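# Coordinate inspection notes
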Amino acid sequence: ETDHHFLMEEATALSYHPSQQSPAFSCRADSTDVLTTLLSTLLIDKNQVVLCNIVGAGMKFTVEKDKSMRAKAYLKSSCFQQFELKDETDELAFTVSLPIFLHCLQVFGVSSHIRMTYDGYGCPVCLILEDDGVVTQCEIRTLEDAIPSDFNFRSCPITSRAVVKSQFLKEGFAELDVAGATKVCIQMSQSDNETPFLSMSVRGDSSSVEIDFPEDESSEVFTEFECKQPTQNNYSLTLIRPCVRALAKADHTNLRMNEEGMLSMQHVIPTRDGQYTNWVEFLLCAQEEDV
């Protein structure tokens, strides 16, 4: 069982003394904006921990909630001005408190320069931030890596898929804020006249809401739509809210459901200058039908 103090580690601000040895991993960026934007989409609660995997192509951040939801954010190495692994064949990993990580990244705001280093298992993650000549170094104690749950989305055939402009989904989910609602029903189907169809609905204490996304020649909602068989599943509103918050930062979203009812929401998130795109994926298990 994880102790409370295990989650509530501290980051220590130190005076800047650069290491004389080359660390196992180091990266540098002219702004913390990209890192902060992606990681903020993964913040589910105040005790959230995040697992970071580092390879030559970039960084992958993973969080879980109640063994019913997993979220991953992928950050390309090209988003950094410098990105180096001491051994290019290595894959490094560390786990830290996500709220503390985000707090350190935002010490000077998102415009500060950043250098991140990590020297392997048991070592802290070191963030060196500089803004207008002021330098701060934060060392974040790493935690034991938790064993991730098995979320093998591709183990079952995908029954339906839609690529949707994120703004439309954001507006649709905003309408589903109904008092007393605990779950959202998402339905994807192919109508008789070959028109793609996506529907989301909730039922609260005294009212219900249904939002439909039909497709026609004048519609700009869907970029792609494929439905092999009608699919309808319920998902926890509590768990889906973090997925919805990420829509505000996304350009478009890939919705997929498999035969077991697992929902995948992949948000494509461009950098502020539009030069690069990264993405965040949420996987949610379906709720059982009420008896």
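Attention shifts here to the environment of Glu 139. By the element assignment, Glu 139 lies in strand E10 (residues 134–140). On the basis of relative accessibility, which here comes to 28%, the residue Glu 139 falls in the partly exposed class. In this structure, the C-alpha to C-alpha distance between Glu 139 and Leu 127, residues 12 residues apart in sequence, is 6.4 Å. A polar contact of 3.5 Å, which involves the side chain of Glu 139, links it to the side chain of Gln 137.

The next thing to look at is the nonpolar core. Phe 25, Leu 42, Phe 61, Leu 127 and Ile 240 are the most contacted members of the largest nonpolar core, which totals 75 residues. Ranked by the residues each element gives to this core, the list is headed by helix H3 (residues 98–105), at 6 residues. The residues touching Leu 42, leaving out its near neighbours within four places in the chain, are Gln 48, Val 50, Phe 61, Val 63, Ala 71, Lys 72, Ala 73, Leu 98 and Val 280.

A word on unusual backbone geometry. Although it is not a glycine, Lys 67 adopts a positive phi angle of roughly 55°. Examined against the element boundaries, Lys 67 turns out to sit in the loop between strand E4 (58–65) and strand E5 (69–76).

For the protein, the average pLDDT comes to 86, and 89% of its residues sit at 70 or higher. Taken as a whole, residues 1–10 scores under 50 in pLDDT and shows 17 contacts with residues more than four places along the chain or in a different chain.

Here the idea is simple: oppositely charged side chains can pair when their charged atoms come close. What the rule picks out here adds up to 4 salt bridges. Among the salt bridges present, the one from Lys 65 reaches Asp 45, with a minimum N-O distance of 2.9 Å. Here Asp 45 lies in the loop between helix H2 (33–40) and strand E3 (49–55) and Lys 65 lies in strand E4, a separation of 20 residues in the sequence. The class of Lys 65 is partly exposed, set by a relative accessible area of 21%. Using a relative accessible area of 25% as the deciding quantity, one classes Asp 45 as partly exposed. Glu 224 is paired through a salt bridge with Arg 161; the nearest N and O atoms lie 2.7 Å apart. Placement of the pair is Glu 224 in strand E15 (residues 222–227) and Arg 161 in strand E11 (residues 158–165), with a sequence separation of 63 residues.

This part is about the environment of Thr 95. Mapped onto the secondary structure, Thr 95 falls in strand E7 (residues 92–97). For Thr 95, a relative accessible area of 4% corresponds to the buried category. In this structure the C-alpha to C-alpha distance between Thr 95 and Ile 140, which are 45 residues apart in sequence, comes to 9.9 Å. Contact partners of Thr 95, with chain neighbours within four places excluded, come to Val 49, Val 50, Leu 51, Thr 142, Leu 143, Glu 144, Asp 145 and Ala 146. Within the structure, the side chain of Thr 95 is placed 2.6 Å from the side chain of Asp 145, a separation counted as a polar contact.

Analysis parameters
Residues numbered from 1 in each chain as written. Predicted model: local features only at pLDDT ≥ 70, side-chain atom pairs only at ≥ 80, totals over all residues. Heavy atoms only, no water. Helix = DSSP H or I, 4+ residues; strand = E, 2+ residues; numbered from the N terminus. Buried < 20%, exposed > 50% of the residue type's maximum accessible area, 1.4 Å probe, protein only. Polar contact = N/O pair within 3.5 Å; in protein donor to acceptor, adjacent residues only side chain to side chain. Core = buried A, V, L, I, M, F, W, Y, C linked by side-chain atoms within 4.5 Å. Contact = heavy atoms within 4.5 Å. pLDDT = per-residue confidence, 0-100. Salt bridge = Lys/Arg side-chain N within 4 Å of Asp/Glu carboxyl O.

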